[in-house]
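An overview of the molecular structure
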Amino acid sequence: MSGRPVCIADFEEYARSFLPKSVYDYYSSGADDQETLAENVAAFSRWKLYPRVLRDVSVMDLSTSVLGHRVTVPVCVAATAMQRMAHPLGETATARACQAVGTGMMLSSWATSSMEEVAAAAPAALRWLQLYAYKERRVTAALVRRAESAGFRGIFLTVDTPYLGRRRADVRNRFRLPPHLSLKNFSSSDLAFSSGKDFGEDSGLAVYVAEAIDATVSWEDVKWLRALTSLPIVLKGILRADDAREAVKLGVNGILVSNHGARQLDGVPATIDVLPEIVEAVEGKVEVFLDGGVRKGTDVLKALALGAKAVFVGRPVLWGLAYQGEEGAKEVLQMLKEEFCLAMALTGCRRVEEIDRTLIRRHQALLSKI
């Protein structure tokens, strides 16, 4: 990359050249053949925009609300683990970038900065906690209580990870957390992924998940969590309409249409292709969000046109962190904000509320006849 980044791909190009191979591979890779990893990005191109013209777009308002809280742009930061591998300040830098831009951050349970550190670094930032169901429910409950005490505004329960997906790059690299880092939300070395134990030929994180995360997690655990906290609850990892309807019945506040960045089950659809089905299934009763493959402002617009309340971005923020810490993460968010503003203007939308389904149609690929 020569000069300053002008698109998200430029940030990734820098990160690829700068980060240790095992770290870049951990952040960038998907499961198995990485079919879904490519599809998450490519699928946006199959949805075409149909702009309105001759609207006065001299004054724009990009703001919206997420779970009852105002954000300046419907682009929030997804939970990505172990951000101090990308930059020494990791999650605290990301939180400050979100605070500066005026958007929200989902903090991973597997963060290399604690909830309390992140809250202290960016006290005015809108923060939510991403949560896994641990085998020991007291561990899960303690994370929720700490999130409440630290001023987090919601819980995103990951529902697609009873086991870790097969990420070949991590197996080849025998991925381990660097020895100077730990998962800071945990006090025991085993749960903090810092015990120094021998994980053999496998990905250390895959072994960690098999040992610590509860594979018996079910809808009963959603009920348990709903009874545990009054914070808004979003289920992260829904890809089916029947699951979405069941989530609504149990009183959740939102659904994040997600395939875990294509890191769990390869061969599932791109999230943008699933989104309309989920939006239809919930009938406006809960907010619907999307992550996976968002790399441009037009991607944000397309997701909102298909019914998403906001999108979440993960890898682009990691590339920004690698590039220049807090300022790099802020630059990524600002770039997406400016691109989204331009996309809105060029489709004749002055406010987020004017983005609707009439702006977008799905184009089928033409098959050549032989």
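Residues numbered from 1 in each chain as written. Predicted model: local features only at pLDDT ≥ 70, side-chain atom pairs only at ≥ 80, totals over all residues. Heavy atoms only, no water.

Overview of the overall build of the protein chain
The number of helices and strands found in the protein chain is 13 helices and 12 strands. What you see for the protein chain is a C-alpha radius of gyration of 20 Å, in line with the 21 Å of a compact globule of 370 residues. When the backbone C-alpha atoms are referred to their principal axes, the protein chain occupies close to 65 × 55 × 50 Å. Counting across all 370 residues of the protein chain, residues that qualify as buried make up 57%. As presented, the protein chain carries roughly 15400 Å² of accessible surface, and 52% of it is formed by carbon and sulfur atoms. Where the 46 positive side-chain charges of the protein chain centre and where its 44 negative ones centre are 2 Å apart. (Helix = DSSP H or I, 4+ residues; strand = E, 2+ residues; numbered from the N terminus. Rg over C-alpha atoms; globule rule 2.2 N^0.38 Å. Buried < 20%, exposed > 50% of the residue type's maximum accessible area, 1.4 Å probe, protein only. Areas by Shrake-Rupley, 256 points an atom, 1.4 Å probe, with all protein chains shown as cover. Lys, Arg positive; Asp, Glu negative; His and termini not counted. Charge placed at Lys NZ, Arg CZ, Asp CG, Glu CD.)

Observations regarding the environment of Ala 247
By the element assignment, Ala 247 lies in helix α10 (residues 241-249). Distance in space between the C-alpha atoms of Ala 247 and Ser 194 is 35 Å, their sequence separation being 53 residues. Ignoring sequence-local partners within four residues, the contact set of Ala 247 consists of Trp 219, Leu 235, Val 252 and Ile 255. (Contact = heavy atoms within 4.5 Å.)

Some remarks on the pairing of strand β5 (residues 104-107)
In β5, alternate side chains face the same way, and those of Gly 104 and Met 106 on one face and Met 105 and Leu 107 on the other are all buried. Both β5 and strand β6 (residues 126-131) contribute to a ladder of four bridges, which runs parallel. Bridge pairing in β6 places Met 105 opposite Arg 127. Note that the unit made of β5, helix α5 (residues 115-121) and β6 has a crossover that is right-handed. (Pairing = 2+ DSSP bridges. Right-handed = clockwise from strand over helix to strand, strands pointing away.)

Some points on the packing of aromatic side chains
All chains considered together, the criterion is met by 18 aromatic pairs. Taking the centre distance of 5.7 Å and the plane angle of 55° together, the rings of Phe 193 and Phe 199 count as tilted. Of the residues examined, Phe 199 reaches a relative accessible area of 13% and is grouped as buried. Three or more aromatic residues link up through ring pairs in this structure, and these residues are Tyr 24, Tyr 26, Tyr 27, Trp 110, Tyr 132, Phe 175, Phe 193, Phe 199, Tyr 208 and Trp 319. (Phe/Tyr/Trp six-rings, centres within 6.5 Å; stacked < 30°, edge-to-face > 60°.)

Here we look at helix α13 (residues 315-346)
The end-to-end C-alpha distance of α13 is 27 Å, clearly below the 46 Å that 32 residues give at a rise of 1.5 Å each. Maximal helix bending in α13 amounts to about 140°, located at Gln 324. Taken from the residues just after α13, Gly 348 is the one with a positive phi, measuring 75°. (Expected span 1.5 Å × (residues − 1). Bend = angle between axes of the 7 residues up to and from the residue.)

Remarks on the pattern of salt bridges
On inspection of all chains with the given rule, the structure shows 24 salt bridges. One salt bridge in this structure joins Arg 174 and Glu 201, with 2.8 Å as the shortest N-O distance. Linking Arg 174 in the loop between α7 (168-173) and α8 (204-212) with Glu 201 in the loop between α7 and α8, this pair joins segments that are 27 residues apart in sequence. You can call Glu 201 exposed: its relative accessible area is 55%. One salt bridge connects Glu 220 with Lys 223, and the closest N-O pair in it is separated by 3.0 Å. Taken together, the residues Glu 220 and Lys 223, both in helix α9 (residues 219-228) and three residues apart, mark about one turn of the helix. (Salt bridge = Lys/Arg side-chain N within 4 Å of Asp/Glu carboxyl O.)

Points about the nonpolar core
Met 82, Trp 110, Tyr 134, Phe 186, Tyr 208, Ile 272 and Phe 340 are the most contacted members of the largest nonpolar core, which totals 117 residues. Per-element tally for this core: the top contributor is α13, with 14 residues. For Tyr 208, the residues in contact, after removing those within four places along its chain, are Trp 110, Tyr 134, Leu 183, Phe 186, Asp 190, Leu 191, Phe 193 and Ile 213. (Core = buried A, V, L, I, M, F, W, Y, C linked by side-chain atoms within 4.5 Å.)

Looking at the packing of helix α12 (residues 297-305) against α13
Across the interface, α12 lies against α13 with an axial gap of 7 Å and an inter-helix angle of 60°. Viewed along their axes, α12 and α13 adopt a mutual orientation that is oblique. Read as a crossing pair, α12 and α13 show a hand that is right-handed. Within the contact between the two elements, α12 uses Gly 297, Thr 298, Val 300, Leu 301 and Leu 304 and α13 uses Leu 336, Glu 339, Phe 340, Ala 343 and Met 344. (Axes fitted to C-alpha atoms, helices over the stretch in contact; angles between N-to-C directions. Parallel < 35°, antiparallel > 145°, perpendicular 65-115°, else oblique. Left-handed = near helix turned anticlockwise from the far one by under 90°.)

So, the layout of surface pockets
Looking at the largest pocket, its volume works out to about 710 Å³. Lining of the largest pocket is provided by 41 residues; of these, Tyr 27, Gly 261, Arg 295, Gly 314 and Arg 315 occupy positions nearest its centre. Among the elements of the structure, α1 (8-18), α2 (21-28), α3 (35-42), β11 (310-313) and α13 are those that each provide at least two residues to the lining of the largest pocket. Grouping the amino acids of the lining of the largest pocket by side-chain chemistry returns 18 nonpolar, 14 polar and nine charged. Taken as a whole, the second largest pocket spans an internal volume of roughly 480 Å³. Contributing to the lining of the second largest pocket are 21 residues, with Val 159, Asp 160, Gly 237, Ile 238 and Asp 243 lying nearest its centre. (1 Å grid on protein atoms, 1.4 Å probe; cavity = no way out; pocket = protein on both sides within 12 Å on 5 of 7 lines; lining within 4 Å. Points joined across faces, edges and corners; volume = space filled by probe spheres on them. Nonpolar A, V, L, I, M, F, W, Y, C, P; charged D, E, K, R; others polar.)

A word on unusual backbone geometry
Not every positive phi belongs to a glycine, and Leu 67 is a case in point at roughly 55°. Locating Leu 67 in the fold gives a position in the loop between β2 (64-66) and β3 (69-71). Taking the relative accessible area as the measure of exposure, Leu 67 reaches 13% and is therefore buried. Residues other than glycine seldom take positive phi values, yet Glu 283 does so here, at roughly 55°. For Glu 283, the location among the structural elements is in the loop between α11 (271-282) and β10 (287-291). Here Glu 283 falls in the exposed class, since its relative accessible area comes to 57%.

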